[in-house]
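Structure assessment
The lines below spell out each chain.
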Amino acid sequence: MNKGINMDWSLSKGAVDFIDDGRINSLISNSVEDKVRYREIFAKSLSKTPLTLEETAALLAIKSKEGLEELYNAARELKREIYGNRIVLFAPLYIGNYCINNCAYCGFRKSSHNTVRKTLTKEELIQEVTSLQDSGQKRLILVFGESPIYTPEFIADCVKTVYSVHSKNGAIRRVNINAAPLDVKGYKTIKNEGIGTYQIFQETYHKATYSQYHPKDTVKGNYMWRLDGLDRAFEAGIDDLGIGALIGLYDWRFEVMGLVSHAIHLKEKFGVGPHTISFPRIQPATDVNLEFPYRTKDEEFKRLVAILRLAVPYTGMIMTAREAPDIRRDVIHFGVSQIDAGTKLEIGGYAANDKKQNLEREQFKVGDTRGLDEAVKWLMSEDFIPSFCTSCYRAGRTGEHFMEFAIPGFIKKFCTPNALLTLAEYLEDYASDETKDEGYKLIEREMAKMEEGQWKDKISLKLKEVMEGKRDIRL
Ligand code: SAM
Ligand code: SF4
């Protein structure tokens with residue numbers, strides 16, 4: 001395989017195809033709804049034990065109104081129990097949309113002639129990051145097409161530039177990556193710049209469908225190169241991995257089983273499961289006029305999110321701004337831990353600050369176009385704490401050292417207060433008057449829930465320091 005990209009095409013040590021289509025199909029078609037069984041499985045999830053593929057299939061079989069109600073309640077409870085009421089916020093930053101691939105659903109694909117192609121220059125990248133910082137963002141995911149110009153060195157250089165920008169009190173404290181799968185050497189180059197999560201979506205785990213949407217004569221047409229992509233990242237020392245599937249290419253039940261198989265594989269091979277799971281649904285895109293027979297309905301999407309929550313209790317779940325506000329409002333309660341907000345997909349779109357969407361410059365259509373301030377206000381109205389926290393990652397607590405889950409009470413003691421401190425920073429530096437007002441009311445409510453004592457006094461003191469102008473305070 002070459003196709004214009006200079007790469008060592010070896011797979012990871014002991015690479016295997018861990019997606020067993022036959023087994024997945026038979027588990028899905030042979031599982032029937034069984035109240036006793038699904039209640040046992042809910043209890044297992046609620047004891048924070050990841051589910052097997054058989055158990056996941058048993059949850060996929062739930063269809064009755066009563067069963068679904070119980071499913072949603074279990075997912076809601078597990079989310080609250082493990083993640084508390086924090087929602088972490090981030091923004092995607094599109095760096096370049098040149099692409100050698102031809103994914104049939106994507107506006108960036110090579111054959112899409114109406115797409116305006118662009119790669120940010122260093123100056124433009126600095127302008128984008130400045131605008132993002134000036135709106136209050138602290139976490140970014142850099143997104144790239146696949147092209148010989150987006151080498152590991154180029155990506156690493158973008159990461160370095162992003163971290164170097166400091167506008168007013170702003171800073172980007174965590175840079176994640178969504179780019180093509182690399183070889184081990186390439187991943188090492190990027191890791192050296194201090195990235196957070198490396199995210200690769202398999203798109204569909206179903207091989208026949210994968211071939212249908214990704215032409216064989218393209219790099220992305222190689223299913224196994226992509227499936228093994230995060231194994232090579234781990235081999236290169238990146239232990240923060242993000243998996244995902246593009247929902248709507250094939251039966252969503254199969255994709256759930258694929259995602260769970262992927263999580264089980266990573267845990268078995270490396271002792272560390274994925275850090276995040278994404279489940280983007282297909283959106284309209286430039287020059288894409290296909291019918292998608294497996295397009296997932298809102299009700300099915302809700303089930304998908306709840307089942308994933310229960311199947312992989314310790315994996316963060318990302319719901320992107322592809323979803324419209326009403327869906328986000330509904331689904332966020334069933335297990336989502338991260339969302340993007342204030343999202344612009346147009347390359348150079350943050351600095352341009354153009355309110356209308358220009359689809360020919362974007363990869364696909366965004367469903368939630370609300371700005372960051374509006375999203376923060378919305379989350380607070382649902383009693384969530386909008387969090388910009390990056391403490392674990394910056395203290396080196398990634399992968400298997402993920403303390404949040406390992407230490408009982410860690411979330412209450414550290415994560416919630418750190419979320420409040422980062423929210424207070426946002427309120428002081430970027431919020432509208434109304435959001436600021438609501439924000440401090442929320443902080444007061446959260447403080448009132450804390451046990452009296454030295455630790456609470458310490459948090460109050462730190463909050464006061466933020467209000468007096470001190471920044472980047474962490475517990
Ligand atoms: N080019 C790299 C790749 O394909 O892995 C990374 C970036 S790509 C721009 C990010 C993701 O966008 C893809 O993995 C795919 O899941 C998603 N995507 C592509 N077209 C989409 C569409 N029409 N609607 C929603 N998501 C889409
Ligand atoms: Fe290129 Fe990624 Fe779009 Fe495929 S999904 S055409 S690889 S940008």
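For the structure itself, look to the data block above.
1. Things to note about the overall build of the chain
Per the secondary structure count, the chain includes 20 helices and nine strands. Expected size for 475 residues packed as a compact globule is a radius of gyration near 23 Å; at 22 Å, the chain falls within 12% of this value. Each of the three principal axes of the chain carries a C-alpha extent, and together these read 60 × 60 × 40 Å. Out of the 475 residues in the chain, the part that is buried amounts to 61%. A separation of at least 24 residues holds for 76% of the contacts in the chain among residues at least 6 apart in sequence. Surface summary for the chain: the accessible area is close to 18900 Å², and the carbon and sulfur share equals 50%. Between the averaged position of the 67 positive side-chain charges in the chain and that of its 68 negative side-chain charges there is a distance of 1 Å.

2. Examining the nonpolar core
If you look at the biggest cluster of nonpolar residues, it comprises 142 residues, and the most contacted ones within it are L93, L142, I177, Y198 and F279. In terms of residue count, helix α11 (residues 252-270) provides more of this core than any other element does, nine residues in total. Residues I5, I100, V219 and W225 belong to the second largest nonpolar core, which totals six residues.

3. Quick word on the packing of aromatic side chains
Applying the stated rule across the entire model yields 18 aromatic pairs. When the ring of Y150 is compared with that of F154, the centres are 5.7 Å apart and the planes differ by 35°; the resulting orientation is tilted. Of the residues examined, Y150 reaches a relative accessible area of 6% and is grouped as buried. Among the aromatic side chains, those forming a connected cluster through ring pairs are Y105, Y213 and F292. In this structure, R281 is placed above the aromatic ring of F301, and the distance from its NZ or CZ to the ring centre is 4.2 Å. A cation over a ring is seen here: K302 above Y72, with NZ or CZ 4.9 Å from the ring centre.

4. Digging into the site of ligand 1
Around ligand 1, the surrounding shell holds 19 residues, and the nearest of these are Y105, E203, K220, R226 and Q363. For ligand 1, a nitrogen atom lies 2.9 Å from a polar atom in the backbone of Y105. Here an oxygen atom of ligand 1 and a side-chain polar atom of R226 are 2.6 Å apart. For ligand 1, the protein covers 96% of the area, taking 560 Å² as the surface of the free molecule. Within the residue set of the shell around ligand 1, elements represented by two or more residues are β2 (139-144) and β4 (198-203). A class-by-class count of the residues in the shell around ligand 1 yields 10 nonpolar, four polar and five charged.

5. Focus: the environment of Q212
Here Q212 shows up in helix α8 (residues 207-213). On the basis of relative accessibility, which here comes to 58%, the residue Q212 falls in the exposed class. It is 34 Å that separates the C-alpha atoms of Q212 and G342, two residues lying 130 residues apart in sequence.

6. Concerning the pattern of salt bridges
One pass over the structure, following the stated rule, counts 36 salt bridges. Where R226 meets E203, a salt bridge forms, and the shortest distance between an N and an O atom there is 3.2 Å. With R226 in helix α9 (residues 223-227) and E203 in strand β4, this pair connects stretches of sequence that are 23 residues apart. Like R226, the residue E203 is buried in the burial classification.

7. A few points about helix α7 (residues 184-191)
Taken residue by residue, α7 has G186, Y187 and I190 as its buried positions. Looking straight down α7, one finds its buried side chains confined to an arc of 100°; they lie on one side. Buried positions along α7 lie against α6 (152-164), β3 (174-178), β4 and α10 (229-235).

8. Describing the state of the cysteines
Following the criterion strictly, the structure yields zero disulfides and no others. Cysteine C158 remains unbridged, with the sulfur of C99 as its closest cysteine sulfur at 16 Å.

9. Brief notes about the pairing of β2
Counting buried positions along β2 yields six of six residues, so the element is predominantly enclosed. Across the two faces of β2 the burial is the same, with R139, I141 and V143 and L140, L142 and F144 all buried. As defined by bridge partners, strand β1 (residues 86-96) adjoins β2 across five bridges and the pair is classed as parallel. Looking across to β2, one finds that P92 is bridged to I141. Between the parallel pair β1 and β2, the chain is carried across by helix α5 (residues 122-135), and the sense of this crossover is right-handed. Sheet topology note: the β2/β3 ladder contains five bridges and is parallel. Looking at the pairing, R139 lines up with R174 of β3. The parallel pair β2 and β3 is bridged by α6, and the resulting crossover is right-handed.

Cut-offs used in this document
- Residues numbered from 1 in each chain as written.
- Chains lettered and ligands numbered in written order.
- Predicted model: local features only at pLDDT ≥ 70, side-chain atom pairs only at ≥ 80, totals over all residues.
- Heavy atoms only, no water.
- Helix = DSSP H or I, 4+ residues; strand = E, 2+ residues; numbered from the N terminus.
- Rg over C-alpha atoms; globule rule 2.2 N^0.38 Å.
- Buried < 20%, exposed > 50% of the residue type's maximum accessible area, 1.4 Å probe, protein only.
- Contact = heavy atoms within 4.5 Å.
- Areas by Shrake-Rupley, 256 points an atom, 1.4 Å probe, with all protein chains shown as cover.
- Lys, Arg positive; Asp, Glu negative; His and termini not counted.
- Charge placed at Lys NZ, Arg CZ, Asp CG, Glu CD.
- Core = buried A, V, L, I, M, F, W, Y, C linked by side-chain atoms within 4.5 Å.
- Phe/Tyr/Trp six-rings, centres within 6.5 Å; stacked < 30°, edge-to-face > 60°.
- Lys NZ or Arg CZ within 6 Å of the ring centre and 35° of its normal.
- Near = heavy atom within 4 Å.
- Polar contact = N/O pair within 3.5 Å; in protein donor to acceptor, adjacent residues only side chain to side chain.
- Nonpolar A, V, L, I, M, F, W, Y, C, P; charged D, E, K, R; others polar.
- Salt bridge = Lys/Arg side-chain N within 4 Å of Asp/Glu carboxyl O.
- Arc of directions from axis to C-beta.
- Disulfide = S-S within 2.5 Å.
- Pairing = 2+ DSSP bridges.
- Right-handed = clockwise from strand over helix to strand, strands pointing away.

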